[in-house]
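Chain by chain, the residues run as shown.
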Amino acid sequence: MFGELCQEFPPVIIRLRKVSSTMDIAKEFAVKGAPEWTVVIAEEQTSGRGRLGRRWISPRGGLWFSLILHSKTGIHEKLYILPAIAGVSVATTVKDLYGLQAKLKWPNDIILHEKKLGGILIESLAVGENITHILGIGLNVNIDSTRTGLSDLGAVSIRDVLGREVDISILLKGILNSLLRYFFIDKKSLLEMYRGLCETIGKRVKIILENSVVEGTAIDVSHDFSLIVVDDDGQRQRILWGDVIHLR
Ligand code: BTN
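Residues numbered from 1 in each chain as written. Predicted model: local features only at pLDDT ≥ 70, side-chain atom pairs only at ≥ 80, totals over all residues. Heavy atoms only, no water.

Points about the environment of Leu100
Here's step 1: Tracing the backbone through its elements, the reader meets Leu100 in the loop between α4 (82–98) and β4 (103–105).
Here's step 2: Accessibility expressed as a relative area gives 9% for Leu100, which makes it buried.
Here's step 3: Residue contacts for Leu100: discarding those within four places in its chain leaves Val94, Lys95, Leu112, Ile158, Val161 and Leu162. (Helix = DSSP H or I, 4+ residues; strand = E, 2+ residues; numbered from the N terminus. Buried < 20%, exposed > 50% of the residue type's maximum accessible area, 1.4 Å probe, protein only. Contact = heavy atoms within 4.5 Å.)

So, in structure tokens, the structure goes:
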């Protein structure tokens, strides 16, 4: 099964200098029939975007890429775990390559020393009869966060912490290999990995939902990767979607 599903691996990598957003370019390639696992990577994005319609600042020195996933990988059934697959892949690669204790803030912020190291964005589009999903990953790598103003926004880079620059191509390769590995891991093992990396569990949290705010303690991540919170009224809540702030 593995070989069959991964015929396109290692993937085609389209390297670009400066783009609006790799999400848009990946969508253009997907519409033109680019194969599964095609990667679009750019040195710089002028209109990078994040979750919840936020702007994603993407100067040179970061790893900004988008990956095309068609239905062949069985992605539809896995869509709800794709954020976890991506989060675990990035955090473990950063740890394996540089020994840095990258963690996850639910659902899929990559954090280091409680600051944002990277993020994950998933968008979908119809291509002919099929739905294609674009997985976008952004990581602050060789960026000086102080000079670029990113540290004022609560961000951190690998360079800030290591005190040196790293090879972005090696990091990309490591993440792609991890993605392939965690894509096909069983769900129970993935959940265990995710729980082990998720800093949100055990924290007091504030969660901004569409029309309300929940404050309480995050106690677990459920089998469907929802966040389980006991709110300040003692009620157990299952959060499927939202913006989490760690209070302490
Ligand atoms: C988040 O809000 O945490 C998600 C950030 C995702 C950023 C990446 S960078 C590569 C790809 N292109 C984009 O415009 N966004 C994603």
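That covers the picture; the talk isn't over yet.
Some details on the domain arrangement of the protein
Here's step 1: Once the domains are mapped, the protein shows domain 1 (4–197) and domain 2 (204–246).
Here's step 2: Computed from C-alpha coordinates alone, the two centres of domain 1 and domain 2 are separated by 25 Å.
Here's step 3: Each side of the interface is counted separately: domain 1 has 16 residues, and domain 2 has 15 residues.
Here's step 4: Taken as a group, Lys105, Trp106 and Leu191 account for 46% of the area that domain 1 buries against domain 2, more than any other trio of residues on that side.
Here's step 5: Put simply, domain 1 and domain 2 have two salt bridges between them.
Here's step 6: Across the pair Arg195 and Asp220 runs a salt bridge, and its minimum N-O distance is 3.1 Å.
Here's step 7: Run the count over domain 1 and domain 2 and you get six residue pairs in polar contact (both at pLDDT 80 or more).
Here's step 8: For the side of domain 1 that touches domain 2, the leading source of residues is helix α8 (residues 187–197), giving five residues. (Domains from an automatic or database assignment. Buried area = accessible area lost by both parts, 1.4 Å probe. Salt bridge = Lys/Arg side-chain N within 4 Å of Asp/Glu carboxyl O. Polar contact = N/O pair within 3.5 Å; in protein donor to acceptor, adjacent residues only side chain to side chain.)

Some words on the sheet that holds strand β12 (residues 243–246)
Here's step 1: Strand order in this open sheet of five strands is β11-β10-β9-β8-β12, and the pairing throughout is antiparallel. Every interior strand has two partners, whereas the edge strands, β11 (236–239) and β12, have only one. Going across the sheet, the axis of each strand differs from the next one's by a mean of 45°, ignoring polarity.
Here's step 2: Strand direction decides the pairing type here: strand β8 (residues 204–208) and strand β9 (residues 213–221), joined by five bridges, are antiparallel. The residue bridging Val205 from the neighbouring strand is Gly216, located in β9. (Pairing = 2+ DSSP bridges. Axes fitted to C-alpha atoms, helices over the stretch in contact; angles between N-to-C directions.)

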